[in-house]
Amino acid sequence: MPLNSTSLVFRAPNLLGQTRITSPKKFGAAPSLQTWSSWSMKKSHQKRCFGFPVVSQLKFNQNCPSFASSVMEDERNLVLTSPGPDRYSKELDVAVRAVQMACSLCQKVQESLILKTSSPVHSKHDNSPVTVADWSVQATVSWILTESFGCRNVSILAEEDVQSLSEPGSSALLADVVKTVNDCLAEAPHLGLKGPEMPLGSSDVLEAISRCNSTGGPTGRFWALDPVDGTLGFVRGDQYAVALALIEDGEVVLGVLGCPNYPMKKEWLSYHHRYHRIISKLTPTTSESWDKGCVIYARRGRGEAWMQPLHQKNKPLSWPNTAIPVRVSSIDNPALATFCEPVEKSNSSHSFTAGLAHSVGLRKEPLRVYSMVKYAAIARGDAEIFMKFARTGYKEKIWDHAAGVIIIEEAGGVVTDAGGSRLDFSKVSENWKDPIILLQHYSI
Ligand SMILES: Nc1ncnc2c1ncn2[C@@H]1O[C@H](COP(=O)(O)O)[C@@H](OP(=O)(O)O)[C@H]1O
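What counts and what doesn't
Residues numbered from 1 in each chain as written. Predicted model: local features only at pLDDT ≥ 70, side-chain atom pairs only at ≥ 80, totals over all residues. Heavy atoms only, no water. Helix = DSSP H or I, 4+ residues; strand = E, 2+ residues; numbered from the N terminus. Buried < 20%, exposed > 50% of the residue type's maximum accessible area, 1.4 Å probe, protein only. Contact = heavy atoms within 4.5 Å. Areas by Shrake-Rupley, 256 points an atom, 1.4 Å probe, with all protein chains shown as cover. Core = buried A, V, L, I, M, F, W, Y, C linked by side-chain atoms within 4.5 Å. Pairing = 2+ DSSP bridges. Axes fitted to C-alpha atoms, helices over the stretch in contact; angles between N-to-C directions. Salt bridge = Lys/Arg side-chain N within 4 Å of Asp/Glu carboxyl O. Lys, Arg positive; Asp, Glu negative; His and termini not counted. Polar contact = N/O pair within 3.5 Å; in protein donor to acceptor, adjacent residues only side chain to side chain. Near = heavy atom within 4 Å. pLDDT = per-residue confidence, 0-100. Expected span 1.5 Å × (residues − 1).

**Here we look at the overall build of the protein**
Next up, step 1: The secondary structure content of the protein amounts to 12 helices and 14 strands.
Next up, step 2: Considering the protein as a whole, with its 444 residues, one finds that 59% of them fall into the buried category.
Next up, step 3: Relative to all contacts within the protein whose residues are 6 or more apart in sequence, the contacts with residues 24 or more apart total 75%.
Next up, step 4: When the accessible surface of the protein is split by element, carbon and sulfur atoms take 54% of a total near 18400 Å².

Quick look at the structure:
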């Protein structure tokens, strides 16, 4: 049984020993003369419990768009969950179901991208790739959250906007997104949610996407969504994640990470996707196997994180019965520890992390994986450390970390920036100051 958070005691495993971290000039500001173990020690404040929650019942906003109900009316009026152990349970329930649906949507789009039967990959203004899946997941999750909690009570900060979809000449792309969203929402009953009574039209879908315009902030609650994290991995048929988190008064209070390609064996994470696909075909998956991916989730203050297999098409979602607890690894010998880092050198300096790894006694090859699947790998105990040293000027986005951070923390780990500070989720995404992300687990 997972431990209760209040009974946890953390010790620094001294995994990374005493070292100075000085980053290369072109990468982000290095922390000052600080030892990894000393900044780790400062982090023992994590695992705190929340105070007594406020319970509020707000009426559903009659001015909201007239979507069909996805939940019972009395559930829709539930704004803040009940106090005590059930706090955020309704939000988590809906979030897990929504991410399961999003994973299924992404699997279909990824397959069609590989088979080249879907619309091609598009470029955003910053030249990063975007696909039908990014917009479709954002629309679907936005629609489900809004229908479940009422649009007045749902504020979402998410990666995509509707600019490219609304441009002249984008009608085929928009039609593709609308079809993908409706196909996905048609599966809602299997996931225990009610879908729309009529298929959504273009304006409904555009509205659902553009409603995700929260700017976050230190007070109130908002959802942070990365519809497809690691889009580059996604378009290459490799690893990617769907990440959804709820942030309240600057604290992440729940997180859900969908990892549709997370293989059964951690070694397969670093193999090329084609190898994984061949292996998957040779060994057909069963409902008990995990090689078709998983969804991992956690709630603040529970001291536990859970993993469930991806929902199988046309079968009702059995939840939470199929979930199993996950825990960070207990390895505290650097020679046995594995660190994760981005695949793309442009997103994090491989040479710098190699030098740093060597200087602290890490001897294993790094696990290079796209997206927040790195957080999932550490939560599952498949790796111990995540290092990301982004280039100077790059500002980390809340939605790229929120879900992963709470899952690691509840699974017994610690996440800080290189200065030893907890990541600040009260800032709007563009204002994150420290682009360096370090993660070190604590064993119990
Ligand atoms: N120059 C850069 N430096 C660091 N991170 C970057 C970056 N450009 C994009 N990213 C972020 O890195 C994420 C991919 O993570 P990773 O490199 O670990 O696979 C991207 O997610 P998206 O694909 O959702 O945009 C994006 O948010």
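**Considering the nonpolar core**
Next up, step 1: Counting 63 residues, the largest nonpolar core has Leu145, Trp223 and Val256 as its most contacted members.
Next up, step 2: In terms of residue count, helix H3 (residues 89–114) provides more of this core than any other element does, 13 residues in total.
Next up, step 3: Once residues lying within four places of it in the same chain are set aside, the contact partners of Val256 are Leu92, Ala95, Val96, Val99, Val242, Ala243, Leu244, Val295, Ile296, Tyr297, Ala403 and Ile407.

**Describing the sheet that holds strand S5 (residues 241–248)**
The strands making up a sheet associate through backbone hydrogen bonding, with each pair oriented either parallel or antiparallel.
Next up, step 1: Spatial strand order, S3-S4-S5-S6-S7-S8-S9: seven strands in an open sheet with mixed pairing. Because the sheet does not close on itself, it has two edges, and the strands there are strand S3 (156–158) and strand S9 (324–326). Ignoring which end each strand starts from, the neighbouring axes of this sheet average 20° apart.
Next up, step 2: Note: strand S7 (residues 294–299) against strand S8 (residues 305–309), five bridges, orientation antiparallel. Residue pairing in the sheet places Val295 in a bridge with Gln308 of S8.

**Concerning the pattern of salt bridges**
Next up, step 1: What the rule picks out here adds up to 16 salt bridges.
Next up, step 2: Glu248 is paired through a salt bridge with Arg87; the nearest N and O atoms lie 3.2 Å apart. Here Glu248 is found in strand S5, whereas its partner Arg87 is found in the loop between helix H2 (73–76) and H3, with 161 residues between them in sequence. With respect to class, Glu248 is no different from Arg87; both count as buried.
Next up, step 3: For Glu197, the salt bridge goes to Lys194, with nearest N and O atoms at 3.5 Å.
Next up, step 4: Here Lys194 falls in the partly exposed class, since its relative accessible area comes to 41%.
Next up, step 5: Here the salt bridges do not stand alone but share partners, grouping Glu251, Arg300, Glu409, Glu410 and Arg422 into one network.

**Overview of the side chain of Arg299**
Next up, step 1: Relative to the elements of secondary structure, Arg299 occurs in strand S7.
Next up, step 2: Although Arg299 is buried, it makes no salt bridge; Asp86 carries the closest opposite charge, 5.4 Å away.
Next up, step 3: Engagement of the side chain of Arg299 in a polar contact is seen with the backbone oxygen of Arg87, the distance being 2.6 Å.
Next up, step 4: Residues within four places of Arg299 in sequence aside, it is in contact with Pro85, Asp86, Arg87, Tyr88, Ser89, Leu92, Val253, Leu254, Ile406 and Glu410.

**Focus on the site of the ligand**
Next up, step 1: Taken together, the neighbourhood of the ligand is formed by 16 residues, with Thr231, Asn347, Ser371, Lys374 and Asp400 sitting nearest.
Next up, step 2: One of the backbone N or O atoms of Val228 is found 3.2 Å from an oxygen atom in the ligand.
Next up, step 3: Within the backbone of Thr231, an N or O atom sits 2.8 Å from an oxygen atom of the ligand.
Next up, step 4: In isolation the ligand has 560 Å² of accessible area, and contact with the protein removes 82% of it.
Next up, step 5: A total of three residues in the shell around the ligand trace back to one element, the largest contributor, which is strand S4 (residues 221–229).

**Examining the confidence of the model for the protein**
Next up, step 1: Across the protein, pLDDT averages 77, with 71% of residues at or above 70.
Next up, step 2: Mean pLDDT values over the elements of the protein span from 34, in helix H1 (residues 36–41), up to 98, in S5.
Next up, step 3: In this model, residues 1–23 is a region of pLDDT below 50 whose contacts with residues beyond four sequence positions or in other chains number 80 contacts.
Next up, step 4: Below pLDDT 50 for its whole length, residues 28–81 participates in 155 contacts with residues either more than four positions away or in separate chains.
Next up, step 5: Scored as a whole, the predicted complex attains pTM 0.82, and scored at its interfaces, ipTM 0.96.

**Focus: the pairing of S7**
Next up, step 1: A large share of S7 lies buried, amounting to six of its six residues.
Next up, step 2: Residues of S7 alternate between two faces, with Cys294, Ile296 and Ala298 on one and Val295, Tyr297 and Arg299 on the opposite face, all of them buried.
Next up, step 3: Pairing between strand S6 (residues 251–259) and S7: six bridges, direction antiparallel. When the bridges of S7 are listed, Gly258 appears paired with Val295.

**Things to note about helix H6 (residues 171–185)**
Next up, step 1: Taking 1.5 Å as the rise per residue, H6 with 15 residues should run 21 Å; its terminal C-alpha atoms sit 21 Å apart, in good agreement.
Next up, step 2: Those residues of H6 hidden inside the fold are in contact with H3, strand S1 (122–123), helix H4 (132–149), helix H5 (163–166) and helix H7 (202–210).

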